[in-house]
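Commentary on secondary and tertiary structure
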Amino acid sequence: MRGPMGAVIGRYPPSDGSAQMGSIIRHNRKCRDLVFLVIFIAFWVAMIVNSSFGFNQGNPLRLTYGLDYKGNVCGDKHAKPDLRELELKYWLNPNQVYLSGLKDNQFKLANARSICLMDCPTPSEDSLSWVCDYPDGDIRLKMGDWIDRNYDYYEFLTPEMRNTSLQLQGPCYPVIFPSVNVYWTCQFIARPSNVSLRHWQQMGGVNINEDIIIDKSIHKAINSRASVFKRYMADIGKAWPVLIVCGGILPLFLSVIWLLLIRHFVAAMPWITVGLLNILMIAVTMFYYLKAGWIGNDGISPIIGDHDPYIHITGRELHHLRVVAVIMTFIMVVAVLTSIAIVRRILMATSVLKVAAKVIGEAQALMIFPVIPYIILAIFYMFWFSAAFHLLSSGQVVQNDCNLNCCAYDLVSKRVNCDHCCGYSIHYTPHIGVSILFHLFGGYWATQFFIACSSTVIAGSVASYYWARGETSPEIPFLPVFASMRRLARYNLGSVALGSLIVSFVESIRFMLESIRRRIKVGGTTPNNWFGKAVYHTSRFCLMCIEWTIRSVNRNAYIMIAITGKSFCNASAIATDLILSNILRIGRVNVIGDVILFLGKLCVSLSTALFAFLMLDTHKYKSAHNKITSPLFPVLVCWGLGYVVATLFFAVVEMSIDTIILSFCQDSEEHQGTAQYAPPLLIETLNDQNEMQRLTQGPQSNSVDV
């Protein structure tokens, strides 16, 4: 049995007389779970080393732009030649593009000769246009002059060069097919210009294939999974102003407003939260429908800039948006039905929120404290996202290994060169994948750690308020928040590191199992019989329940760590024992309060998602090199960041409720069922006979006395 804890969190001296009087939370504390603190510090050192590798080897431009035949990244000002304004990848030889689309041909599009241009060439209406290789050797043109001439210096070629050009071996190549800018790649349209083709044939040029394959070959490469994933990551980098405003500043402002409203208008806030959630859910869902092209004409387009209105090109991004729109529709319906279901319980949540509002009003430093972990997390996320972009682009640019006939004229050696003419690709070694997974896990663990630290500090502050009988006792520290921060930094960082590690580890296991489940589903090996399907889906549900339980246990463990100074495992055991002993007293009240707070977090995060949609809908993110290929990932990231920020600030209310309820249960247990330190409002809420009857038997009518 657990002995009385009055010596720890109350006013009663322990049996050994070791307590030091003069403070509310009096306990001979010592550092706990030091091993895990050392592991956390070592992990941070490894994170810095891992990120340094990314900063040294990565180039975020690779996530957006392609490579030319020399291995340069289009748009890279450090390339040779300077490509700072040449962002579009263009394939010079249309026959090579055609060969890469044939199923039985070994020629790959990555080996086709490509250069970087400022805009996609189009055939001339009355003559034959040319696109020539980068000027070099005897072609003494500067890059600026080459661009001004629309990449054409055919008139300067020697007879030998003109002959090789007619053989599609360069250095100049005819513009036969129109092309459009599709995600910074010139997509050929299999609709050759009759005028250009006739001029080409009259000059004695080799046969050029006109099949639709030339269109599909590039389209397939642009819409590969790897290309789409890179574009999504690049979208996040391009939308960094949106992330700062909608993922950082806006949720900070909305969370503070919510706390102020809960402080002064606590009775109305549950109703406002539920109503606002439904409105925001519908609005965000409608935006997904708009961008998916199901409502109006504002669906996303893969084509950048002006183009022929008869040209219609779709990409995977549009399909993904439509899938998310369907999912959001389902979530919206569930949210509306849930809101209707909890209407009768909202008054119960109001009575508990009043207690938290009372605590916030008395310990006003709690309103300001979340700004500290918010600033720390903001700095961490700026570093983390930057390192993530560099790690994702840290593959090595290597020349492909091919034994194909891809000869081309070399302006420097003044001859047709058939050696080393294969293209370049970005090669990702297995250790890069491990580095990325390590970085993702580190980001999640660090987030959980900072949230846990914030929760523990809040719990220690509220416990000081409770066990000093609120404002009536002179023993409350002048700044209970800073006193709680000092105790955390001195004694409990190891315990917090352990708790956050457990959550991160379980979440990682769930993510890996979910990935395996998707691969099994794609592979068609999902169980077909009813028993197999039942086990298949039950395992998912059980894993989600385990994750939720661990999060709940961790939160209560942080409260007991702040109060008792014990290790994480001992604090978890004490908190679990208290909860199980008082499950009827606190169960419904705590659950409904948590539901309202969760809905409040969703309101803040949905608001950030809605404003992210509005910001991304401006001209800045619809054109030129700042174009966002899809609003999906930036909006989801803003949604996630908004939820994290809301969690930091809503923890003030959440931890206040949980800490006071646990303290009340312990207080009642130590004093034969009558709490001695509870504030009057808490006693009225939890100890009133009508309230107890309502908690244990359920509401008998629609009217509730608070």
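Analysis parameters
- Residues numbered from 1 in each chain as written.
- Predicted model: local features only at pLDDT ≥ 70, side-chain atom pairs only at ≥ 80, totals over all residues.
- Heavy atoms only, no water.
- UniProt positions renumbered as here; feature names shortened; annotations may be inferred.
- Helix = DSSP H or I, 4+ residues; strand = E, 2+ residues; numbered from the N terminus.
- Buried < 20%, exposed > 50% of the residue type's maximum accessible area, 1.4 Å probe, protein only.
- Areas by Shrake-Rupley, 256 points an atom, 1.4 Å probe, with all protein chains shown as cover.
- Disulfide = S-S within 2.5 Å.
- Pairing = 2+ DSSP bridges.
- Lys, Arg positive; Asp, Glu negative; His and termini not counted.
- Salt bridge = Lys/Arg side-chain N within 4 Å of Asp/Glu carboxyl O.
- Phe/Tyr/Trp six-rings, centres within 6.5 Å; stacked < 30°, edge-to-face > 60°.
- Lys NZ or Arg CZ within 6 Å of the ring centre and 35° of its normal.

By the naming in an unreviewed UniProt entry, the chain goes by Choline transporter-like protein and is assigned to Pyrus ussuriensis x Pyrus communis. Per UniProt, the chain has the following entry under Function (unreviewed entry): "Choline transporter."

With that settled, the discussion passes to the overall build of the chain. The number of helices and strands found in the chain is 22 helices and ten strands. The proportion of buried residues among the 706 residues of the chain is 53%. Per element, the accessible surface of the chain, about 32900 Å² overall, is 61% carbon and sulfur.

Let us look at the state of the cysteines. For the structure shown, the criterion picks out three disulfides. Two residues, Cys120 and Cys186, share a disulfide whose sulfurs are 2.2 Å apart. When the S-S torsion is -100°, as for the bridge of Cys120 with Cys186, the disulfide is left-handed. You can see Cys120 sitting in the loop between strand E2 (114-117) and strand E3 (130-132) and its partner Cys186 sitting in strand E6 (residues 186-188), a full 66 residues away along the chain. Cys186 carries the same exposure label as Cys120, and that label is buried. The disulfide partner of Cys132 is Cys172, and the gap between their sulfur atoms is 1.9 Å. With the S-S bond torsion at 100°, the cross-link from Cys132 to Cys172 turns out right-handed. Highlighted residues: Cys132 in strand E3 and Cys172 in strand E4 (residues 172-174), separated in sequence by 40 residues. In this pair, the class of Cys132 matches that of Cys172, namely buried.

Further remarks concern the UniProt feature "transmembrane region" (unreviewed entry) in the chain. Using the residue numbers shown here, the UniProt feature "transmembrane region" (unreviewed entry) corresponds to residues 34-55, 239-262, 268-290, 323-343, 363-384, 449-468, 595-616 and 628-653. When the span residues 323-343 is considered, its composition is 90% helix and 0% strand, and the gap between its end C-alpha atoms is 31 Å. Measuring from the first to the last C-alpha atom of residues 628-653 gives 38 Å, for a span that is 85% helix and 0% strand.

The alternating pattern of strand E1 (residues 88-91) places Leu88 and Tyr90 and Lys89 and Trp91 on opposite faces, both of which are buried. The sheet contact formed by E1 and E2 spans four bridges and is antiparallel. Bridge pairing in E2 links Tyr90 to Ile115.

Moving on, we come to the side chain of Lys627. Structurally, Lys627 is set in the loop between helix H19 (583-616) and helix H20 (632-670). Despite being buried, Lys627 has no salt bridge partner; Asp235 is the closest side chain of opposite charge, sitting 8.7 Å away.

So, on to the pattern of salt bridges. Applying the stated criterion across every chain yields a total of eight salt bridges. Note that Asp133 is salt-bridged to Arg113, the shortest N-O span being 3.1 Å. Pair noted here: Asp133 is in the loop between E3 and helix H4 (143-148) and Arg113 is in the loop between helix H3 (94-101) and E2, with a separation of 20 residues, a long-range link. Three or more residues joined by partner-sharing salt bridges are found here, namely Lys291, Asp617 and Lys622.

In total, this model carries 31 aromatic pairs according to the counting rule given. Between Trp146 and Tyr151, the aromatic rings sit 5.1 Å apart at their centres with planes inclined by 65°, giving edge-to-face as the arrangement. Comparing Trp146 with Tyr151 shows no difference in burial state: the two are buried. Considering the side-chain rings of Trp258 and Phe650, the 4.3 Å spacing of their centres and the 20° angle between planes classify their relative orientation as stacked. Here Phe650 lies in helix H20 and Trp258 lies in helix H9 (residues 240-264), a separation of 392 residues in the sequence. When the ring centre of Tyr69 is taken as reference, the NZ or CZ atom of Arg113 above it lies at 3.7 Å.

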